[in-house]
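Residues per chain are reported as follows:
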Amino acid sequence: MSILAWKNLLHDRVRLIVTLTGIVFALVLIAIQFGMFLGFLDTAANIVENNSADLWISAPGIPHVNGGSPIQESKRWKALQVPGVTRTANFAIFFVNWKLPNGAFETCQIAGFDLDSGMGGPWNLVAGRVEDLRGEDTVIIDDLYKTKLGVHKIGETLEINGKRARIVGFTHGIRSFTTAPYVFTSFKNAQNYIPMREHETIFILLRTAPGANLPAIKTRLLATIPGIEIFTHDEILLRTRNYWVFGTGAGTTTLMGAILGLLVGIVVVAQTIYAATIDHLKEFGTLKAMGATNGQIYQVIILQSALAAVMGYVFGISVALAIVGSTANTDLLIKLPWPVALGIFGLTLFMCMSASLLSIRKATTIDPAMVFRG
Amino acid sequence: MQPLVSVSHLVKEYGSGANRFRALNDVSLDIHAGQVLVLMGPSGSGKTTLISILGGILSATSGSVRIDGREIVGMPESQRPALRRDLFGFIFQGFNLFPALTAEENVAIMCKLKHVPQPARAAANLLESVGLADKRNAYPADLSGGQKQRVAIARALAGHPRILLADEPTAALDSVSGRNVLEILSGLARQNNRAVVIVTHDPRVLEYCDRIVTIEDGRISSDELRRHIPPTPGDIA
């Protein structure tokens, strides 16, 4: 019976194109909407995700990592006295004004980190060296934002909050969720750009001994240092993501877009597969009249939809990957990791087969007069 | 001589209450192997209902239908596909071929359904038997009406069914193709000891049949035996 499923699908080219177009459209919609949502999650907290600190100390009640306020740097030394803490470092993220060559301003975010510990430093460096940030007024930006920030090459100088800044390197693919790109520099340089007093920092990053009990260390730190909030890596990641995803209209919109993409995709696939199955209703009726069991008819219908799902997936995921690839060098991040691609395959199979099941009842309860009268 | 098909006091009603409609009313009929029986009657007289019940596709309201000794009235739905598959070959007015399959595949799929060994070879032999050996790779869309109906006959013959049920098999055919199809069907009844039941309005069929049963308003209004069929070893003892 498998030959009937296969040839039913391939024989009518126009119907095949219509069916596959429906599936491909739905898949691309789902893949891109979810890819954008995943990219959104990634971009919203990439500065945390790529930070190797085990614990973060901040001022109490910060809404997200980009919303910190200054705390006394001296808390570092108190933190170091807590058993299990092996290293501390200052870290600052702060919105600043970047003066363009034409005199206009762009907002960007200074990420000032401790060069010795490396915690909070840039990743994906494609030009220059992190060590070059030891020089005065030196910064590294991402090459995706060269045009936005009016930068062409290493060595160019611009102004941040009225202070000189010299480009010493470029990263690739460090996108910012907000419209303000990250500008990496040493914490020492950052103190010049950020309006905070001497001996202040935004975060204190802690590294702990391997296998250390982080909740226990947190408790001891809170008992030792008043007026702070302490996060593990996952806690500040979650707070930042939750803020941008659920606390802003933009995040909710993207999430709704992903959910709507899924719903629209399901409806399109269901309708396409249902129509493709109903097209062959007379044939299923003939099979039934001539002695095929309902099970054998189910087999043809399900196999037909599974084949359509596989073909649609191959085309759909190819188109989605091409779209993802085309955004690689833009500030829009669409992520399509293989587990998601695999999940979409499972979803496609499920959608197609479920839709075909809707038509099975019609196929197996055909009026016999229909079979005889053609 | 025991009949291959024995219908006794058959009633079929559609609907319920005030909308109840009796499509077949106390129909009794015996059909013997080797016999070509033609069912005639105006549209809506109950011919298609009768052939549907004979073929195990539709359930009767009451009465008895014994096929090859098996009572099928009241037979559970789960047993009907096997009955249809093992005892019947169906030929439809609109051919009902699978357009995506070649002539040979159309026949082979039925051979597979009926568990015929080497279905492709069996299909090729059946097509040869209806004079279509050279059309085995043609799709239905590339065949004439007569050729399509001959493919449908070859398909109906898969698994050597004892009874062929044909619904208006010549309605869509020109006179030459129609006669050709009728010659094949009558030959199948006589040479292979099958019962062939043909529902038709086509007067061309009459010269090939052994018996004409006319149905009007759900009842048999006439039953004319045109040719006596001698008992054969294929009949039930």
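Reading the values: the criteria
Residues numbered from 1 in each chain as written. Chains lettered and ligands numbered in written order. Predicted model: local features only at pLDDT ≥ 70, side-chain atom pairs only at ≥ 80, totals over all residues. Heavy atoms only, no water. Salt bridge = Lys/Arg side-chain N within 4 Å of Asp/Glu carboxyl O. Buried < 20%, exposed > 50% of the residue type's maximum accessible area, 1.4 Å probe, protein only. Helix = DSSP H or I, 4+ residues; strand = E, 2+ residues; numbered from the N terminus. 1 Å grid on protein atoms, 1.4 Å probe; cavity = no way out; pocket = protein on both sides within 12 Å on 5 of 7 lines; lining within 4 Å. Points joined across faces, edges and corners; volume = space filled by probe spheres on them. Nonpolar A, V, L, I, M, F, W, Y, C, P; charged D, E, K, R; others polar. Arc of directions from axis to C-beta. Contact = heavy atoms within 4.5 Å. Buried area = accessible area lost by both parts, 1.4 Å probe. Patch = residues over 30% accessible without salt bridge, like charges linked within 9 Å, V, L, I, M, F, W, Y side chains within 5 Å. Areas by Shrake-Rupley, 256 points an atom, 1.4 Å probe, with all protein chains shown as cover. Pairing = 2+ DSSP bridges. Axes fitted to C-alpha atoms, helices over the stretch in contact; angles between N-to-C directions. Parallel < 35°, antiparallel > 145°, perpendicular 65-115°, else oblique. Left-handed = near helix turned anticlockwise from the far one by under 90°. Polar contact = N/O pair within 3.5 Å; in protein donor to acceptor, adjacent residues only side chain to side chain.

Asker: Now, about the pattern of salt bridges: what can you tell me, with residues and values included?
Answerer: Residue and element names in this part refer to chain A. In this structure the tally under the stated criterion is 23 salt bridges over all chains. Here Glu131 and Arg134 are joined by a salt bridge, their closest N and O atoms 2.7 Å apart. Residue Glu131 is classed as partly exposed on the basis of its relative accessible area, which comes to 39%. Taking the relative accessible area as the measure of exposure, Arg134 reaches 45% and is therefore partly exposed. Between Lys218 and Glu235 there is a salt bridge whose closest N-O contact spans 2.8 Å. Placement of the pair is Lys218 in helix H7 (residues 214–224) and Glu235 in helix H8 (residues 233–246), with a sequence separation of 17 residues. Accessibility expressed as a relative area gives 16% for Lys218, which makes it buried.

Asker: Before we move on, could you go through empty space enclosed by the protein and cite the residues and values that matter?
Answerer: All names here are of chain A. Under the counting rule described, the total for this entry stands at three cavities of 30 Å³ or more. Mapped by element, the contributors of at least two residues to the lining of the largest cavity are helix H9 (249–278) and helix H11 (294–326). Residue composition of the lining of the largest cavity, by class: five nonpolar, four polar and no charged. Volume-wise, the second largest cavity comes out at about 40 Å³. Lining the second largest cavity are Asn8, Leu9, Arg15, Thr19, Ala276, His280 and Gln304. Within the residue set of the lining of the second largest cavity, elements represented by two or more residues are helix H1 (2–11) and helix H2 (13–44). Tallied by class, the residues present in the lining of the second largest cavity amount to two nonpolar, four polar and one charged.

Asker: Describe in detail H7(A), supporting the description with residues and values.
Answerer: Residue and element names in this part refer to chain A. Among the residues of H7, Ile217, Lys218 and Leu221 are the ones counted as buried. In a view along the axis of H7, the buried residues occupy a sector of 105°, so they form one face of it. Looking at H7, the residues exposed on the side facing more than 90 degrees away from the buried face are Pro215, Thr219 and Ala223. The inward-facing, buried residues of H7 contact strand E1 (55–58), helix H4 (75–80), strand E3 (85–99), strand E11 (203–208), strand E12 (229–232) and H8.

Asker: Got a sec to walk through the interface of chain A and chain B? Specific residues and values, please.
Answerer: On the side of chain B, 26 residues touch chain A, which itself brings 22 residues to the contact. Considering only the side of chain A, the residues that lose the most area to chain B are Lys7(A), Met290(A) and Phe372(A), jointly responsible for 33% of the buried surface there. The interface formed by chain A and chain B contains one salt bridge. One salt bridge connects Glu105(B) with Lys7(A), and the closest N-O pair in it is separated by 2.7 Å.

Asker: Which residues make up the side chain of Thr208(A), and what are the values?
Answerer: All names here are of chain A. Position of Thr208 among the secondary structure elements: in strand E11. Taking relative accessible area as the criterion, Thr208 reaches 10% and is therefore assigned buried. Dropping the residues within four chain positions of it, Thr208 is found in contact with Asp54, Leu55, Gly84, Val85, Thr86, Leu214 and Ile217.

Asker: Hey, could you go over a nonpolar patch on the surface for me, with residue numbers and the actual values?
Answerer: Residue and element names in this part refer to chain A. Taken together, the side chains of Met256, Ile259, Leu260, Leu263 and Ile266 define a hydrophobic patch exposed on the protein surface, amounting to about 420 Å² of accessible area. With respect to the secondary-structure elements, Ile259 resides in helix H9. By relative accessible area, which is 38% here, Ile259 ends up partly exposed.

Asker: Describe the sheet that holds strand E2 (residues 21–31) of chain B, and please don't skip the residues or the numbers.
Answerer: All names here are of chain B. Within the open sheet, the four strands sit side by side as E2-E1-E4-E5. Their pairing is antiparallel. Among the strands making up the open sheet, the edge pair consists of E2 and strand E5 (70–71). Examined bridge by bridge, strand E4 (residues 62–67) and E5 share two bridges and lie antiparallel to one another. Note on E5: the bridge partner recorded for Arg66 is Glu71.

Asker: How would you explain the pairing of E3(A) if you had to name every residue and give the values?
Answerer: Residues and elements named next belong to chain A. Looking at chain direction, E3 and E11 are connected through six bridges and run antiparallel. Bridged to Phe91 within E11 is Phe203. In the sheet, E3 pairs with strand E4 (residues 105–113) via nine bridges, with the strands oriented antiparallel. Within E4, the residue paired with Ala92 across the bridge is Gly112.

Asker: An account of the packing of H2(A) against H11(A) is requested, with residue identities and associated values reported.
Answerer: All names here are of chain A. Look at H2 against H11: their axes get within 8 Å of each other, and the N-to-C directions meet at 45°. Between H2 and H11, the angle falls in the class oblique. Handedness of the crossing formed by H2 with H11: right-handed. Only Ala308, Ala309, Met311, Gly312, Tyr313, Phe315, Gly316, Val319, Ala320, Ile323 and Val324 of H11 make contact with H2, whose side of the interface consists of Leu16, Thr19, Leu20, Ile23, Val24, Leu27, Val28, Ala31 and Ile32. Classifying every residue of the contact of H2 with H11 gives 17 nonpolar, three polar and no charged.

Asker: Got a sec to walk through the packing of helix H3 (residues 103–113) of chain B against helix H4 (residues 119–129) of chain B? Specific residues and values, please.
Answerer: Any two packed helices are characterised by how steeply their axes cross, that is the angle between the axes, and by the distance between the axes. Residues and elements named next belong to chain B. For the pair H3 and H4, the least separation of the axes is 8 Å and the interaxial angle reads 120°. Overall, the two elements H3 and H4 adopt an arrangement that is oblique. Taken as a pair, H3 and H4 cross one another with a handedness that is right-handed. Here Ala103, Glu104, Val107, Ala108, Cys111 and Lys112 of H3 come into contact with H4, specifically with Pro119, Ala120, Ala122, Ala123, Ala124, Leu126 and Leu127.

Asker: Pulling in residues and values, what's your account of the side chain of Arg175(A)?
Answerer: Residues and elements named next belong to chain A. Mapping Arg175 onto the fold places it in the loop between strand E8 (163–171) and strand E9 (182–186). Owing to a relative accessible area of 6%, Arg175 belongs among the buried residues under this scheme. Polar contacts involving the side chain of Arg175 include one to the main-chain carbonyl oxygen of Ala328, which spans 2.9 Å. Setting aside residues no more than four positions away along its own chain, Arg175 makes contact with Thr43, Asn46, Leu144, Tyr145, Tyr182, Thr327, Ala328, Thr330, Asp331, Leu332 and Leu333.

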